[in-house]
Amino acid sequence: MKYYYLAFLFFSTLLVTSFPLVSAQDIKDENEKSINREDMPTSSLAMINRFWNKEKKVDFYRQYNGAMISYEAKLEWNGHQYSIEFDSVGSLVNVEQLIDFKDISVASQNTIIEELSKQYTRFRFTRIQRQYSAEKAEDRDETLEDVIDEDYEDLIIRFEIVVDAQNKDVMGSFELLFDEYGNIIQKRRIVRRSLDNIW
Amino acid sequence: MNFFKTWALLSVIALLPLCAFSQQSELIWNPELSYSWKSSDRLGFNTKLSIFNSVLDFDNNAAIQYIEPQFSFSYGISSRTKLGGGYYYRLSTPMIDGYQYEHRFLQQIGFISFIGDRRLAHRLRLEQRIRSSSYQNRLRYRLSYDFPLQGQELDPGETYLILKDEMMTAFNKDEADAENRASVGMGWYFNSKQKFELGLQYRTQDIFSDGGINHLFLISTSYYLNR
């Protein structure tokens with residue numbers, strides 16, 4: 001009897017160890033960890049505290065993309081979900097606001113739909129964010145104030161849109177970045193976790 | 001979230017039925033090794049080796065209740081809906097004279113929804129079980145939910161929790177019965193190609209049987225490999 005278990009253990013170990021636990025291809029672009037408020041860079045916290053008091057519910061995250069660390073604060077404000085991203089020293093990178101497709105101007109909506117229709121036969125929006133970032137690097141830390149004041153003059157506005165989409169050759173989830181007018185800037189495939197344990 | 005507390009709490013909930021442990025109870029250790037690959041965005045395959053070991057008979061030839069190699073495929077009709085089928089072969093009590101076999105064919109449909117990196121999956125499965133001594137159909141519905149325990153996304157090196165419940169009815173021209181399987185598990189996500197799950201499952205079997213309900217407690221250790 002024990003030989004049977006030993007043989008099972010041996011072959012399982014052989015198979016498992018033939019897959020490297022870590023390899024270059026396995027490293028995900030962004031590794032996100034939930035952190036405490038006090039683990040955020042001081043300057044980023046100061047920016048958050050300027051507009052919301054400490055009682056405000058804010059979730060904090062540290063991200064690592066293999067090359068650099070960034071931080072993110074997520075909160076709900078005025079009926080929208082916001083993600084505020086900071087670099088490793090706490091300077092603001094961008095502010096993202098969760099929106100509905102109808103919140104985009106009709107002209108930009110049409111351009112986006114036209115682009116998606118060119119690429120896919122079927123698509124469905126799963127997440128739409130309006131992204132605000134500073135035009136000039138020296139104005140980065142004023143981005144949050146500009147968003148709150150609805151002063152968009154010095155801001156670059158983009159739309160980050162996630163779709164479930166398919167055509168004859170491809171099927172999956174894709175993240176597309178559009179400019180303010182609906183012109184596509186970037187597209188990348190979202191690699192979903194394998195479904196083998198729940199399917 | 002203090003996931004150790006969560007895990008401890010869910011373990012207690014899952015093991016509560018142990019209080020009902022009696023003559024009609026079984027304790028099983030179920031090691032599984034799964035390997036999956038995709039040939040396109042739509043078409044995926046899975047092979048798995050699943051073994052049922054009776055913990056109470058661990059010192060004798062009845063320890064291995066069955067060995068089951070499995071093969072299944074799936075076809076994505078959309079990014080959230082999959083159709084699939086498969087074939088399982090079960091060799092029962094291989095260490096005892098007079099072993100039995102079973103050929104099983106299955107057809108299934110699944111629907112998956114994503115809430116960030118939280119996943120909710122519905123699966124409806126129809127099975128035909130051709131045994132050395134009998135034939136049986138089975139209709140199964142399973143609801144599965146898994147979510148990361150650290151942050152909103154599951155990153156390499158992190159853990160996740162998985163909850164499942166499956167209801168099924170088994171029937172042929174002579175008889176019918178029902179079963180429920182509730183399980184809780186914790187997963188270690190090493191990277192996109194490898195993960196390990198430790199699960200606790202409680203099966204309420206033979207619900208409509210005159211002989212009374214049978215309780216099965218199962219500890220599963222599953223290793224998943226992906227290409």
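Structure first, text after, so check above.
Peer 1: Please clarify how the overall build of chain B should be interpreted in this entry.
Peer 2: For chain B, the helix and strand inventory stands at one helix and eleven strands. Taken from N to C terminus, the helices and strands of chain B fall in the order α-β-β-β-β-β-β-β-β-β-β-β. Per-residue burial for chain B yields a buried fraction of 50% across its 227 residues. Taking all contacts inside chain B whose residues are at least 6 apart in sequence as the whole, residues at least 24 apart take part in 48%. Accessible surface for chain B amounts to roughly 10600 Å². Of this, 62% is attributable to carbon and sulfur atoms.

Peer 1: In this structure, what is going on with the packing of aromatic side chains? I would like to understand it.
Peer 2: Residues and elements named next belong to chain B. Per the counting criterion, the structure on display carries 17 aromatic pairs over all chains. Taken together, a centroid distance of 5.5 Å and an interplanar angle of 25 degrees make the contact between Tyr 35 and Trp 37 stacked. Trp 37 gets classed as partly exposed once you look at its relative accessible area, which sits at 21%. Ring geometry for Tyr 87 and Phe 105: centres 5.3 Å apart, planes at 45 degrees, overall tilted. Within this pair, whereas Tyr 87 is found in strand β4 (residues 81-92), its partner Phe 105 is found in strand β5 (residues 100-115), the two being separated by 18 residues in sequence.

Peer 1: Explain the interface of chain A and chain B here, please?
Peer 2: Interface size is commonly expressed as the accessible surface area that is lost when the partners come together. Taken together, the 39 residues of chain A in the interface contact 62 residues of chain B. Summing both partners gives a buried area of about 4400 Å² for chain A against chain B, and 54% of it is carried by carbon and sulfur. Joining chain A to chain B, the criterion identifies six salt bridges. For Asp 41 of chain B, the salt bridge is made with Arg 189 of chain A, and the minimal N-O distance between the two is 2.8 Å. Summed over the shared surface of chain A and chain B, the result is 21 residue pairs in polar contact (both at pLDDT 80 or more).

Peer 1: Just checking my understanding: could you explain the nonpolar core for this structure?
Peer 2: Generally speaking, soluble globular proteins have nonpolar side chains that are buried together. Counting 35 residues, the largest nonpolar core has Ile 84, Phe 86, Val 95, Ile 104, Ile 161 and Val 163 of chain A as its most contacted members. Residue contributions to this core peak at six residues, all from strand β7 (residues 155-166) of chain A. Ignoring anything within four residues of it in the chain, the contact list for Ile 84 of chain A reads Ile 48, Trp 52, Tyr 71, Glu 72, Ala 73, Leu 75, Leu 92, Asn 94, Val 95 and Leu 144 of chain A. Among the nonpolar cores identified, the runner-up in size contains ten residues, and Leu 195 and Ile 198 of chain A together with Ala 121 and Ile 162 of chain B belong to it.

Peer 1: Looking at this structure, I do not really get the sheet that holds strand β11 (residues 214-226) of chain B. What am I missing?
Peer 2: One key point about sheets: their strands pair by backbone hydrogen bonds, in either a parallel or an antiparallel sense. Residues and elements named next belong to chain B. Spatial ordering of the closed barrel is given by β1-β2-β3-β4-β5-β6-β7-β8-β9-β10-β11, a layout of eleven strands whose pairing is mixed. Each strand of the sheet is rotated relative to its neighbour by a mean of 20 degrees, with strand direction disregarded. Pairing analysis gives eleven bridges linking strand β9 (residues 176-191) to strand β10 (residues 194-205), with the strands arranged antiparallel. Within β10, the position partnered with Val 184 by the bridge is Leu 200.

Peer 1: Got a minute to help me understand the pairing of β7 of chain A in this structure?
Peer 2: Regular strands have side chains that alternate between both faces of the sheet. Residue and element names in this part refer to chain A. Across the twelve residues of β7, ten count as buried, placing the element largely inside the fold. Pairing between strand β6 (residues 122-134) and β7: twelve bridges, direction antiparallel. What sits directly across from Arg 130, in β7, is Phe 159. Linking β7 back to strand β8 (residues 171-179) in an antiparallel pair, the connection comprises four residues.

Peer 1: Sorry, what's going on with the side chain of Gln 201 of chain B here?
Peer 2: Residues and elements named next belong to chain B. Residue placement: Gln 201 occurs in strand β10. Relative accessible area serves as the criterion here: at 17%, Gln 201 is assigned to the buried category. Of the polar contacts made by the side chain of Gln 201, one reaches the side chain of Arg 203; its length is 2.6 Å. Once residues lying within four places of it in the same chain are set aside, the contact partners of Gln 201 are Arg 181, Ala 182, Ser 183, Leu 216, Phe 217 and Leu 218.

Peer 1: Sorry if this is basic, but what is going on with helix α3 (residues 106-119) of chain A here?
Peer 2: An α-helix turns once every 3.6 residues. As a result, residues three or four positions apart point the same way. Residues and elements named next belong to chain A. Compared with the 20 Å implied by 1.5 Å per residue over 14 residues, the 20 Å span of α3 between its first and last C-alpha is a close match. Those residues of α3 that fall on the buried side of the exposure criterion are Ser 108, Gln 109, Ile 112, Glu 115 and Leu 116. Down the axis of α3, the smallest arc covering the buried residues is 130 degrees, so these residues share one side. Exposed positions of α3 whose direction lies more than 90 degrees from the buried face are Val 106, Ala 107, Glu 114 and Lys 118.

Peer 1: Looking at this model, I keep getting lost on the environment of Leu 200 of chain B. Mind explaining?
Peer 2: All names here are of chain B. Relative to the elements of secondary structure, Leu 200 occurs in strand β10. Residue classification places Leu 200 among the buried positions, given a relative accessible area of 15%. Along the backbone, Leu 200 and Trp 29 are 171 residues apart, and their C-alpha atoms lie at a distance of 9.6 Å.

Peer 1: Just checking my understanding: could you explain helix α2 (residues 42-51) of chain A for this structure?
Peer 2: All names here are of chain A. Those residues of α2 that sit buried are Ser 44, Leu 45, Met 47 and Ile 48. Looking straight down α2, one finds that the buried residues subtend no more than 155 degrees of arc, so they occupy a single side. Those residues of α2 that are exposed and aimed more than 90 degrees away from the buried face are Thr 42 and Arg 50. Buried-residue contacts for α2 involve β2 (58-64), β3 (69-77), β4 (80-86), β5 (92-98) and α4 (143-148).

Conventions used here
Residues numbered from 1 in each chain as written. Chains lettered and ligands numbered in written order. Predicted model: local features only at pLDDT ≥ 70, side-chain atom pairs only at ≥ 80, totals over all residues. Heavy atoms only, no water. Helix = DSSP H or I, 4+ residues; strand = E, 2+ residues; numbered from the N terminus. Buried < 20%, exposed > 50% of the residue type's maximum accessible area, 1.4 Å probe, protein only. Contact = heavy atoms within 4.5 Å. Areas by Shrake-Rupley, 256 points an atom, 1.4 Å probe, with all protein chains shown as cover. Phe/Tyr/Trp six-rings, centres within 6.5 Å; stacked < 30°, edge-to-face > 60°. Buried area = accessible area lost by both parts, 1.4 Å probe. Salt bridge = Lys/Arg side-chain N within 4 Å of Asp/Glu carboxyl O. Polar contact = N/O pair within 3.5 Å; in protein donor to acceptor, adjacent residues only side chain to side chain. Core = buried A, V, L, I, M, F, W, Y, C linked by side-chain atoms within 4.5 Å. Pairing = 2+ DSSP bridges. Axes fitted to C-alpha atoms, helices over the stretch in contact; angles between N-to-C directions. Expected span 1.5 Å × (residues − 1). Arc of directions from axis to C-beta.

Note that all results are geometric; they support no functional claim without further evidence.
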